[in-house]
Amino acid sequence: MCDMAVNIGNIVLGIAYLVLAPLIGGLLAGIDRKISARMQRRVGPPIMQPFYDVFKLWDKQPVAVNKAQRFYIRGFLLFAVLSGFFFFAHGDLLLVIFTLTIASVCFVIAAYASNSPYSQVGAERELAQTMAYEPMMLLVALGFYLHCGTFDAKEIVQSSAMNFIYMPGIFIGLCYILLIKFRKSPFDLSMSHEVHQELIQGALTEISGPTLAMIELAHWYENVLLLGFVYLFFTWSPVWSPVVGLAMCAFTYFSDIVVDNCCSRVKWEHMLSSAWVVTLVAGFANVAFLMYMR
Amino acid sequence: MFLPGLLIVVPLLAALLVFCIRSGGARNFITIIAAVATMALSVATAATYLGQPCFVSLPGELPSTVIMAVDIIVALAIFYYTMVKFKRCWIGLLELLQLAMILWFEHGAGHGIKVAADLAIDNFAVIMVLIAGIIGSLIAIFSNGYMEEFQKEHPEVEDRRPFFFFVIFLFLSAMFGLVLSNNLLFMYTFWEITSFSSFLLIGYTQTEEAINNSFKALWMNLLGGVAFAAAIVWLGVQYQTVELSALLKLGQGAKPVEMIVALLVFCGFTKAAMMPFSGWLLGAMVAPTPTSALLHSSTMVKAGVFLIIKLCPLLGVNHAGMMTMFVGGITFFFASCAAISQSDGKRVLAYSTISNLGLIVLCAGIGSYAAAWTAVMLVIFHAISKSLMFLSVGTAEQQLESRNIESFDGMFCALPNLARCMIIGICGMFLAPFGMLISKWAAMKSVADAGNPVLLLMLAFGSATTLFYWTKWLGKIAAYVPAEKSREPGIHGVQWLALKALSILTILACVAFPLLSQHGVTPYVSAIYNTTADVISRSNLLIMSVMAVLIVLLPLGFSAGQKQKMVVTNLAGENTGDNLSYRGVAGKTVQVSLRNWYLEDWFGEAKMQRYGFGLSLLCMILAFAMMGGGVFHV
């Protein structure tokens, strides 16, 4: 009976994610644009602008360079949503990461499929980004497993002390790769919101209208999921700890905006080597420590 | 008892038959009949013995005499090739050394040893029989069509097809013998036959490169054979037994058998192409594609990991285990890096095989329950997807006249069905929810439990590089380049049969993953470790199965949705309208060609080999030195 209640609770949480994540993601994007604008001494668009943009894109005439593209983008949206659903319905962390990987593979393939030079450059850069962050993503899940003895997000948030205390290195590593995942400078190589440092439109060159809207939506879902990972570090058994978790999510997101506005895009070599070095140093040291503690 | 015997004899008879019959039509007929019979026999064996492991003892002197005779025949054949025909005497010396050891042992110390069980038919052996039987036979069927085309396309190569099919069936027969043996002397004989057959297959075209590569394969595998012979002699002299199951019992009873285990593992390394012995597998690429498919997926390399996985309970935190883990981990990482820099489709596949075998060996080295389960699972999924990949690339090579991945763009339009097979194969190799990835998941868990941070790091980075080279390839196939006409009519019917069967098998194995675990792998591992546990929880397996079904169904909705207006792509100038050329500076028409990205400076082959070879050699030397020190002190 108790199990059943927990299961239903999980599914409710999962469905809540499906409904709320785009709202939260869109709002975050709006806030991001506002804060960035203020940092650059502009007024900036209204907070709701990302929603207006997506609705407008959705109403446009569907234009495509081939039939396959939209199929892959739908796959991207589907698996991005699914991985978030697994996370919030308390699935296994590795399952979440693997599903997220399928989503990014779909996105890369969509860019490759259009067979245009700009799009392919974007696809390859996106792929290099995936290669740069993937080891750290896996170490995050394995770090939680080593510390809490489980991949289950539900049990991780119930641990007896703040997970961050034991996993500071892994958290630093996660923050570093979040810059890549959020597509922030200096690591916005494959596609960027900043026109001045973009090669046409990177991976999005050949994508427009409703298909582009789907990508935007998928990113919102993805961003909320990634902040969920941050939340896991700062939430433990006390009832008030979710406040700490949420505050740290907000702080992390804000810091990323600051970094975004301070840096310009780096070369892919720097991104790959620095991400791997951070993974090697911070991630490895922390994992070794956790293994020693076990 | 009857079935396993038939399993070895039927392919052998088929081999002799195709060798003697010189008419092409009759040979094709016999190959297909023999392949179907082998497949049916392996399924029948599975139906009889799955879940009912049994040990069989062969009565009388006859079996061991036959085995002895075969040892000598194989040795003579090797002497002929190395000393008489091609004058590479030092390779012959390796064979002489092991033959001398075995003969000395048989007539001296080993003569009085009683063997309780010559054959061991457990679930793992049954799984291997199914892999060799079904996939091996499908490859034989495929070869029928492929070799016909091959001879047409390469008139300079002497038509030795009877010989080719002879070796293929001999290989299958030896493979069945190998996985069913419990008596190490039997296993050694079959081991030698597979080494020798692969030598013959690699040298099929008789070009200088092929001959050199075949000798490379021969000396590396004979080196392994020397280690095998040494292990048998050591085990026999010290413990008066030649049985693998007895060795396991001795080891689990805390007897010092580490050195024997390490020698056998070393022997497995050579056959499973672990670094620094990976060279022979890369060299095997010169042979016609079915050979590579056979060596890479269902037979040769699988024999190497089969032996290491059998020894799994004796590995773990000891010198032999550490050596296995680290050599496996190093190979996994460096081979997957080297695959990034390759543009030849078959070389990418070769490096991916080496890297996956590294992962399997890594798991076997950890030696825990979960790790053993993972290793067996990886063997199954790797065999199916890799054979599919090889056959697809081979077919594409014939149709596009190149096996360079660069020439695969446009496959999606020119060879749609073949592209589908290849996509299924690639997804099976690395993408969730396909089996390889689920197994990698379990591998990560076992490595984390083993408490070794360095290995964990290798696994995490190796996964990322694996993702990179597969997605790159997938992107090339998916690229939408309009084609004038379909090139598919050129593909032979039996080739389609094999390709489609393997594609369906890949998908089936992924969907039926939980069943495979429950009825196939778990009983074997439980029997060996005397415990049972879920390596991946049932609910997660179920989610993965459902996702696999979802992915299979998704393409049905390929063109669903609003009608889209088709436009041309954005090129560096005005697109001339077909996405293939644009009007550039001064009105010149420029053709568009896109090349993939190989990151040579980072992942160059030579560099990766240098690191990989050096590190794994260091591991082996250290492990053997430490064990040697230990042995002589006691």
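Calculation criteria
Residues numbered from 1 in each chain as written. Chains lettered and ligands numbered in written order. Predicted model: local features only at pLDDT ≥ 70, side-chain atom pairs only at ≥ 80, totals over all residues. Helix = DSSP H or I, 4+ residues; strand = E, 2+ residues; numbered from the N terminus. Rg over C-alpha atoms; globule rule 2.2 N^0.38 Å. Buried ≥ 20, exposed ≤ 12 C-beta atoms within 10 Å, placed from the backbone. Contact = placed C-beta atoms within 7 Å. Axes fitted to C-alpha atoms, helices over the stretch in contact; angles between N-to-C directions. Parallel < 35°, antiparallel > 145°, perpendicular 65-115°, else oblique. Left-handed = near helix turned anticlockwise from the far one by under 90°. Nonpolar A, V, L, I, M, F, W, Y, C, P; charged D, E, K, R; others polar. Pairing = 2+ DSSP bridges. Expected span 1.5 Å × (residues − 1). Core = buried A, V, L, I, M, F, W, Y, C linked by C-beta atoms within 7 Å. Arc of directions from axis to C-beta. pLDDT = per-residue confidence, 0-100.

Caption draft 1: Broad picture of the overall build of chain A. The helix and strand tally for chain A stands at eleven helices and one strand. Walking chain A from its N terminus toward its C terminus, one meets helices and strands in the order α-α-β-α-α-α-α-α-α-α-α-α. For chain A, whose C-alpha radius of gyration is 19 Å, the value lies close to the compact-globule estimate of 19 Å for 294 residues. On the principal axes, the C-alpha backbone points of chain A span a range of 55 × 45 × 40 Å. Taking all 294 residues of chain A together, 57% fall into the buried category. Restricting to contacts in chain A with at least 6 residues of sequence separation, those with at least 24 account for 76%.

Caption draft 2: Inspection of the overall build of chain B at higher detail. Counting secondary structure elements, chain B contains 25 helices and six strands. Relative to a compact globule of 634 residues, whose C-alpha radius of gyration would be 26 Å, chain B shows 24 Å and is just as compact. Its C-alpha atoms give chain B principal-axis dimensions of roughly 85 × 60 × 45 Å. Put simply, chain B has 634 residues, and 59% of those count as buried. Contacts in chain B between residues far apart in sequence, at least 24 positions, make up 81% of those at least 6 positions apart.

Caption draft 3: Representation of the packing of helix α9 (residues 209–234) of chain A against helix α10 (residues 241–262) of chain A in the model. All names here are of chain A. As a packed pair, α9 and α10 sit with axes 8 Å apart at the nearest point and diverge in direction by 130°. Here α10 runs oblique to α9, going by the angle between their axes. You can see that α9 and α10 cross each other, and the crossing is right-handed. Taking contact as the criterion, the partners of Leu227, Val230, Tyr231 and Phe234 in α9 are, on α10, Val244, Gly245, Leu246, Met248, Cys249, Thr252 and Tyr253. Tallied by class, residues from the contact of α9 with α10 come to nine nonpolar, two polar and no charged.

Caption draft 4: How the structure looks around the interface of chain B and chain A. Every contact between the two is made by 45 residues of chain B and, on the other side, 49 residues of chain A. Sorting the residues of the side of chain B that touches chain A by element identifies α19 (435–450), α20 (453–478), α23 (538–553) and β3 (565–566) of chain B as the ones contributing at least two each. Top contributing element to the side of chain B that touches chain A by residue count: α20(B), with 15 residues. A class-by-class count of the residues in the side of chain B that touches chain A yields 30 nonpolar, 13 polar and two charged. In this sheet, β3(B) lies alongside strand β1 (residues 63–64) of chain A in parallel orientation, the contact comprising two bridges. Looking at the pairing, Ala64(A) lines up with Met566(B) of β3(B).

Caption draft 5: Representation of the environment of Phe98(A). Among the structural elements, Phe98(A) can be located in helix α4 (residues 93–113). Distance in space between the C-alpha atoms of Phe98(A) and Ser83(A) is 8.1 Å, their sequence separation being 15 residues.

Caption draft 6: Fine view of helix α16 (residues 369–400) of chain B. All names here are of chain B. The end-to-end C-alpha distance of α16, which contains 32 residues, comes to 46 Å, matching closely the 46 Å that a straight helix rising 1.5 Å per residue would cover. Of all 32 residues that make up α16, 30 are buried, and the element is covered over most of its length. Following α16 by one or two positions, Glu401 has its phi on the positive side, about 60°.

Caption draft 7: Molecular detail of the environment of Val224(A). All names here are of chain A. In this fold, Val224 is placed in helix α9. In this structure, the C-alpha to C-alpha distance between Val224 and Tyr292, residues 68 residues apart in sequence, is 33 Å. With residues near it in sequence (within four places) discarded, Val224 still touches Ala21, Ile24, Gly25 and Gly84.

Caption draft 8: Expanded view of the sheet that holds strand β5 (residues 581–583) of chain B. The three strands lie next to each other as β4-β5-β6 (chain B), forming an open sheet whose pairing is antiparallel. At either margin of the open sheet sits one strand with a lone partner, and together these are β4 (574–575) and β6 (589–591) of chain B.

Caption draft 9: How the structure looks around the nonpolar core. Formed by 348 residues in total, the largest nonpolar core has its most connected members in Phe76(A) and Val376(B). Looking at which element gives the most residues to this core, the answer is α16(B), with 20 residues. If we skip the residues at most four places from it in the chain, Val376(B) touches Phe124(B), Ile127(B), Ile309(B), Val521(B) and Tyr524(B).

Caption draft 10: The arrangement of the packing of helix α18 (residues 416–430) of chain B against α20(B) in detail. All names here are of chain B. Close contact between α18 and α20 brings their axes to 10 Å; oriented N to C, the two are set at 165°. One way to sum up the angle between α18 and α20 is to call them roughly antiparallel. In this structure, α18 meets α20 at a crossing whose hand is left-handed. Residues Ala419, Met422, Ile423, Ile426, Met429 and Phe430 of α18 touch α20, and the partners they reach there are Thr466, Leu467, Trp470, Trp473, Leu474 and Ile477.

Caption draft 11: Up close: α23(B). Residues and elements named next belong to chain B. Its 16 residues place the ends of α23 23 Å apart at the C-alpha level, agreeing with the 22 Å of an ideal helix rising 1.5 Å per residue. Taken together, the buried positions of α23 are Asn540, Leu541, Met544, Met547, Ala548 and Ile551. One side of α23 holds all its buried residues, which, seen down the axis, span an arc of 120°. For α23, the exposed residues set more than 90 degrees away from the buried face come down to Arg538, Ser539, Leu542, Val546 and Leu553.

Caption draft 12: Structural view of the environment of Phe51(A). Here Phe51(A) shows up in helix α2 (residues 49–59). For the pair Phe51(A) and Ala285(A), spaced 234 residues apart in the sequence, the C-alpha separation amounts to 42 Å.

Caption draft 13: Representation of the confidence of the model for chain B in the model. Across chain B, the average pLDDT comes to 89, with 98% of residues at or above 70. Across the assembled chains, the prediction reports ipTM 0.94 with pTM 0.94.

Caption draft 14: Focus on unusual backbone geometry. The omega angle of the peptide bond from Ser185(A) to Pro186(A) is 5°, so this bond is cis rather than trans. Looking at the element boundaries, Pro186(A) is found in the loop between α8 (168–181) and α9. Met275(B) connects to Pro276(B) through a cis peptide bond whose omega is 0°. Relative to the helices and strands, Pro276(B) is located in the loop between α10 (258–271) and α11 (279–283). The phi torsion at Gln206(B) lies on the positive side, around 60°, for a residue other than glycine. With respect to the helices, strands and loops of the structure, Gln206(B) is situated in the loop between α7 (184–202) and α8 (208–239). The class of Gln206(B) is exposed, set by 11 C-beta atoms lying within 10 Å. Backbone geometry at Asn530(B) places phi at a positive 55°, although glycine is not the residue there. With respect to the helices, strands and loops of the structure, Asn530(B) is situated in the loop between α22 (513–529) and α23. When the 9 C-beta atoms within 10 Å are taken as the criterion, Asn530(B) is described as exposed.

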